[in-house]
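One letter stands for each residue in the lines below.
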Amino acid sequence: DTEVTQTPKHLVMGMTNKKSLKCEQHMGHRAMYWYKQKAKKPPELMFVYSYEKLSINESVPSRFSPECPNSSLLNLHLHALQPEDSALYLCASSQTILRGVTEAFFGQGTRLTVV
Amino acid sequence: GIQVEQSPPDLILQEGANSTLRCNFSDSVNNLQWFHQNPWGQLINLFYIPSGTKQNGRLSATTVATERYSLLYISSSQTTDSGVYFCAVSKAAGNKLTFGGGTRVLVKP
């Protein structure tokens, strides 16, 4: 099974709302990622977790707060977002990053609209 | 950081045609993947190919790591091959997967 599951698939939220995106994998992978993708652009890395610890934060604004409660789950907490944060948010996992990223698998994404 | 360039940016094909997509990268890598992004946004793994040649049905890929490029071949294209093809790489000591700009493919019936 090479499945990464993201929920919800679609999310509309107001600028004062708090919401969370969820990502789950059961492949025993120890590296998990959040990417953001705007229309007609490639995915851009936001965060990397390795063995449940935050390894990379690509200077993401604090209104995005990642959390890795265990090796199978990755959350992205959203608060006070702006309309320009509307995008496709992709979660990915790979076995490890100890000697570079091994084969990564992506979820189907959450399409977020901020109104 | 590592630079990844894909060409061409756009490709229009008649159904049944063959095509080659290219990915150039600026540094040595230990991971190179090709993805197909469908209209719903899902990134589908096509190949994990840091070096060598692989084939999967009508698709094949070759990575020449010493010359820092990879090629994706699509043969006998079908309308379902339409979408965006991304190349993504990671350096041996790196812990991030960096994407190229993508090639947008449209296969016409």
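To be clear, the structure that these remarks concern was listed above.
Definitions and cut-offs
Residues numbered from 1 in each chain as written. Chains lettered and ligands numbered in written order. Predicted model: local features only at pLDDT ≥ 70, side-chain atom pairs only at ≥ 80, totals over all residues. Heavy atoms only, no water. 1 Å grid on protein atoms, 1.4 Å probe; cavity = no way out; pocket = protein on both sides within 12 Å on 5 of 7 lines; lining within 4 Å. Points joined across faces, edges and corners; volume = space filled by probe spheres on them. Helix = DSSP H or I, 4+ residues; strand = E, 2+ residues; numbered from the N terminus. Nonpolar A, V, L, I, M, F, W, Y, C, P; charged D, E, K, R; others polar. Pairing = 2+ DSSP bridges. Salt bridge = Lys/Arg side-chain N within 4 Å of Asp/Glu carboxyl O. Phe/Tyr/Trp six-rings, centres within 6.5 Å; stacked < 30°, edge-to-face > 60°. Buried < 20%, exposed > 50% of the residue type's maximum accessible area, 1.4 Å probe, protein only. Disulfide = S-S within 2.5 Å. Contact = heavy atoms within 4.5 Å. Buried area = accessible area lost by both parts, 1.4 Å probe.

1. Some points on the layout of surface pockets
Phase 1: Here the largest pocket is characterised by a volume of approximately 440 Å³.
Phase 2: If you trace the largest pocket, you find 25 residues lining it, with Gln 37 and Lys 40 of chain A together with Gln 37, Val 84 and Arg 104 of chain B closest to the centre.
Phase 3: Of all the secondary-structure elements, those providing two or more residues to the lining of the largest pocket are β9 (87-94) and β11 (110-114) of chain A together with β9 (83-90) and β11 (103-108) of chain B.
Phase 4: By residue class, the composition of the lining of the largest pocket is 9 nonpolar, 10 polar and 6 charged.
Phase 5: In this structure, the second largest pocket occupies an estimated 360 Å³ of space.
Phase 6: Residue lining of the second largest pocket: 19 residues in total, with Pro 43, Glu 44, Leu 45, Met 46 and Glu 58 of chain A positioned closest to the centre.
Phase 7: Elements that contribute at least two residues to the lining of the second largest pocket include exactly β4 (31-37) and β5 (44-50) of chain A together with β10 (98-99) of chain B.
Phase 8: Per-element accounting of the lining of the second largest pocket gives the leading share, 3 residues, to β5 of chain A.
Phase 9: For the lining of the second largest pocket, the per-class residue count stands at 10 nonpolar, 2 polar and 7 charged.

2. Quick word on the pairing of strand β7 (residues 64-70) of chain A
Residue and element names in this part refer to chain A.
Phase 1: Where β7 lies against strand β8 (residues 73-79), 5 bridges are found, and the strand directions are antiparallel. Looking across to β8, one finds that Phe 64 is bridged to Leu 78.
Phase 2: Between β7 and β8, which pair antiparallel in sequence order, lie 2 residues.

3. A few points about the pattern of salt bridges
Phase 1: Within this structure, the stated rule accounts for 6 salt bridges over all chains.
Phase 2: The salt bridge involving Asp 85 of chain A is made with Lys 36 of chain A; its shortest N-O contact spans 3.9 Å. Of this pair, Asp 85 of chain A sits in the loop between β8 and β9 while Lys 36 of chain A sits in strand β4, and the two are 49 residues apart along the sequence.
Phase 3: Here Lys 96 of chain B makes a salt bridge to Glu 58 of chain A, at a shortest N to O gap of 2.9 Å. Of this pair, Lys 96 of chain B sits in the loop between β9 and β10 while Glu 58 of chain A sits in the loop between β6 (53-57) and β7, each in a different chain.

4. Comments concerning the packing of aromatic side chains
Phase 1: Scanning the model with the defined rule gives 8 aromatic pairs over all chains in all.
Phase 2: Centroid distance Tyr 35 of chain A to Phe 99 of chain B: 5.6 Å. Interplanar angle 80°. Geometry classified as edge-to-face. Separated into two different chains, Tyr 35 of chain A in strand β4 and Phe 99 of chain B in strand β10 make up a pair that spans both. Like Phe 99 of chain B, Tyr 35 of chain A is buried.
Phase 3: Between Phe 106 of chain A and Phe 99 of chain B, the aromatic rings sit 5.9 Å apart at their centres with planes inclined by 75°, giving edge-to-face as the arrangement.

5. Observations concerning the state of the cysteines
All names here are of chain B.
Phase 1: This structure, assessed with the given rule, holds 2 disulfides over all chains.
Phase 2: Residue Cys 23 pairs covalently with Cys 87 via a disulfide, S to S 2.0 Å. Here Cys 23 and Cys 87 share a disulfide; its torsion about the S-S bond, -55°, makes the bridge left-handed. With a gap of 64 residues between them, Cys 23 in strand β3 (residues 19-25) and Cys 87 in strand β9 connect regions that are remote in the sequence.

6. What to know about the interface of chain B and chain A
Phase 1: Contacts between the two partners involve 23 residues from chain B and, on the opposite side, 26 residues from chain A.
Phase 2: Buried area between chain B and chain A, summed over both chains or domains, comes out near 1800 Å², and the portion from carbon and sulfur atoms is 51%.
Phase 3: There are 1 salt bridge connecting chain B and chain A.
Phase 4: Going through the elements one at a time, β4 (31-37), β5 (43-48) and β9 of chain B are the ones with two or more residues in the side of chain B that touches chain A.
Phase 5: For the side of chain B that touches chain A, the element with the highest residue contribution is β4 of chain B, accounting for 4 residues.
Phase 6: Of the residues that constitute the side of chain B that touches chain A, the class distribution is 8 nonpolar, 12 polar and 3 charged.

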